[in-house]
Amino acid sequence: MRIWDLHCHLTGLPGFKPEERAGHLLRYADRMGIERLCVYMGLKFLKNPTPDELRQQNDEVLRAIAVHPDRIFGFVYLSAEHIETSKEELERCVADGPMVGVKLWVAGRCADPALDPIIARAAELKAVIFQHTWIKTNGNYPGESTPDDLVVLARRFPNVPMICGHTGGTWESGIRAIRGQGNLFSDLAGSDPTAGFTEMAVRELGVERVIYGSDAPGRSFASQLAKVQGADVSDADKQRILCDNLRSLMLPILKAKGIDA
């Protein structure tokens, strides 16, 4: 089966340069037969980066793409705390650069309408929109979105596809939260490889709204692939989850950029 990984990082890998870390990440991916990786954020996890740090984070991903353009897709890291800088980075990295998606993390909750200009421009560019979400039993980070926050945003842009990163971590609640919002997709990445995640997502959302990701190297490719490969769903459904659904979301911007997929 073809496998495209929605959710990868450079943090936590060996090496001091983005090029080195990307090489290690791809070597691990090759062991598992993973064809292409979506990479976001730079060498360090920065919850609330300054404008200069945002640019540096994106520069580091651009360097990884430059070395492996046939294997790595880049998503531009943007921040709800720095809307103007984020709009500039969207133009630099996506409109005028090789990146094909948007990554939003924990600088501000996505229910806030302040984020709307970023979403509107990303949609114009056909960029894939990925929003981290989590439901922590001991309380989320300040500015960390939940799946319910993402539903609020998605209702303001009902024709714009968006991916619910981690599906809230507490995936039973996350799946239920996004179930009624048809433009939201479930990201399987990052939680423990417990049985039932993929099956519930397929049952409640429909297989066309479920996407494999790993959150590597924070999680192993093997453990995250096991959620799909060991799931009680058909092989045709596994292929859609492992590659086809993500590829379908990405095809408009890939075609616009002339990227072979």
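The following paragraphs examine the structure supplied in this document. These figures come from a predicted structure and were not determined experimentally.

**Description of the overall build of the protein chain**
Okay, so step 1: For the protein chain, the count of helices and strands is nine helices and eight strands.
Okay, so step 2: Each principal axis of the C-alpha distribution contributes one length, and for the protein chain these read about 45 × 40 × 40 Å.
Okay, so step 3: In the protein chain, buried positions account for 56% of the 261 residues.
Okay, so step 4: Across the protein chain, every contact between residues at least 6 apart in sequence was considered, and the portion connecting residues at least 24 apart equals 75%.
Okay, so step 5: Approximately 10500 Å² of the protein chain is accessible, and the part contributed by carbon and sulfur atoms is 50%.
Okay, so step 6: Side-chain charges in the protein chain split into 31 positive and 34 negative, and the spacing between the mean points of these groups amounts to 1 Å.

**Thoughts on the pairing of strand β5 (residues 128-132)**
Okay, so step 1: With five of its five residues buried, β5 lies for the most part within the structure.
Okay, so step 2: The alternating pattern of β5 places Val128, Phe130 and His132 and Ile129 and Gln131 on opposite faces, both of which are buried.
Okay, so step 3: Inspection of the sheet shows strand β4 (residues 101-104) paired to β5 by four bridges, in the parallel sense. Its bridge partner lying in β5, Leu104 is registered against Gln131.
Okay, so step 4: In terms of strand pairing, β5 meets strand β6 (residues 162-165) through three bridges, oriented parallel. In the sheet register, Phe130 faces β6, and the bridge partner there is Ile163.
Okay, so step 5: Each parallel crossover has a hand, and for β5 linked through helix α5 (residues 147-156) to β6 it is right-handed.

**A word on empty space enclosed by the protein**
Okay, so step 1: Tallying each qualifying case throughout the model produces one cavity of 30 Å³ or more.
Okay, so step 2: Estimated volume of the largest cavity: approximately 50 Å³.
Okay, so step 3: Around the largest cavity, the lining residues are Tyr77, Leu78, Ser79, Ala80, Leu104, Trp105, Val106, Ala107, Gly108, Leu115 and Gln131.
Okay, so step 4: Broken down by class, the residue content of the lining of the largest cavity amounts to eight nonpolar, three polar and no charged.

**With respect to helix α8 (residues 221-229)**
Okay, so step 1: Among the residues of α8, Phe221, Gln224, Leu225, Lys227 and Val228 are the ones counted as buried. Burial along α8 is one-sided: seen end-on, the buried residues are contained in an arc of 140 degrees.
Okay, so step 2: Buried residues belonging to α8 abut β1 (4-8), α1 (18-31), β2 (36-40), α7 (197-205) and α9 (235-257).

**Describing the side chain of Gln181**
Okay, so step 1: Within the secondary structure, Gln181 sits in the loop between α6 (171-178) and β7 (184-187).
Okay, so step 2: Side-chain polar atoms of Gln181 contact the side chain of Asn183, separated by 2.9 Å.
Okay, so step 3: Other than its neighbours up to four places away in sequence, Gln181 contacts Val151, Ala154, Arg155 and Arg209.

**Some details on the pairing of β4**
Okay, so step 1: Taking every second residue as pointing to the same face, both faces of β4 are buried, with Gly101 and Lys103 on one and Val102 and Leu104 on the other.
Okay, so step 2: Examined bridge by bridge, strand β3 (residues 72-78) and β4 share four bridges and lie parallel to one another. Its bridge partner being in β4, Leu78 is matched across the sheet by Leu104.
Okay, so step 3: Between β3 and its parallel partner β4, the chain crosses via helix α3 (residues 83-95), and the hand of that crossover is right-handed.

**Some remarks on the pattern of salt bridges**
Okay, so step 1: Inspection of the entire model under this criterion finds 15 salt bridges.
Okay, so step 2: Taking the shortest distance from any N to any O, the salt bridge between Asp52 and Arg55 comes out at 2.6 Å. Highlighted residues: Asp52 and Arg55, both in helix α2 (residues 51-67), separated by three residues, approximately one helical turn.
Okay, so step 3: The exposure class of Asp52 is exposed, given its relative accessible area of 56%.
Okay, so step 4: Residue Arg219 pairs with Asp192 through a salt bridge whose shortest N-O separation is 2.9 Å. Taken as a pair, Arg219 in the loop between β8 (210-211) and α8 and Asp192 in the loop between β7 and α7 lie far apart in primary sequence, 27 residues in all.
Okay, so step 5: Taking the relative accessible area as the measure of exposure, Arg219 reaches 30% and is therefore partly exposed.
Okay, so step 6: A residue is classified by how much of its surface remains accessible, and Asp192, at 45% relative accessible area, is partly exposed.
Okay, so step 7: Residues participating in the shared-partner salt-bridge network are Asp59, Glu89 and Arg92.

**Let's talk about unusual backbone geometry**
Okay, so step 1: The amide bond that connects Ala216 to the next residue, Pro217, takes the cis arrangement and shows omega of 5 degrees.
Okay, so step 2: Tracing the backbone through its elements, the reader meets Pro217 in the loop between β8 and α8.
Okay, so step 3: Residue Thr167 is not a glycine yet carries a positive backbone phi of 50 degrees.
Okay, so step 4: Tracing the chain through its elements places Thr167 in the loop between β6 and α6.
Okay, so step 5: Judged by its relative accessible area of 0%, Thr167 falls in the buried class.

Rules used throughout
Residues numbered from 1 in each chain as written. Predicted model: local features only at pLDDT ≥ 70, side-chain atom pairs only at ≥ 80, totals over all residues. Heavy atoms only, no water. Helix = DSSP H or I, 4+ residues; strand = E, 2+ residues; numbered from the N terminus. Buried < 20%, exposed > 50% of the residue type's maximum accessible area, 1.4 Å probe, protein only. Contact = heavy atoms within 4.5 Å. Areas by Shrake-Rupley, 256 points an atom, 1.4 Å probe, with all protein chains shown as cover. Lys, Arg positive; Asp, Glu negative; His and termini not counted. Charge placed at Lys NZ, Arg CZ, Asp CG, Glu CD. Pairing = 2+ DSSP bridges. Right-handed = clockwise from strand over helix to strand, strands pointing away. 1 Å grid on protein atoms, 1.4 Å probe; cavity = no way out; pocket = protein on both sides within 12 Å on 5 of 7 lines; lining within 4 Å. Points joined across faces, edges and corners; volume = space filled by probe spheres on them. Nonpolar A, V, L, I, M, F, W, Y, C, P; charged D, E, K, R; others polar. Arc of directions from axis to C-beta. Polar contact = N/O pair within 3.5 Å; in protein donor to acceptor, adjacent residues only side chain to side chain. Salt bridge = Lys/Arg side-chain N within 4 Å of Asp/Glu carboxyl O.

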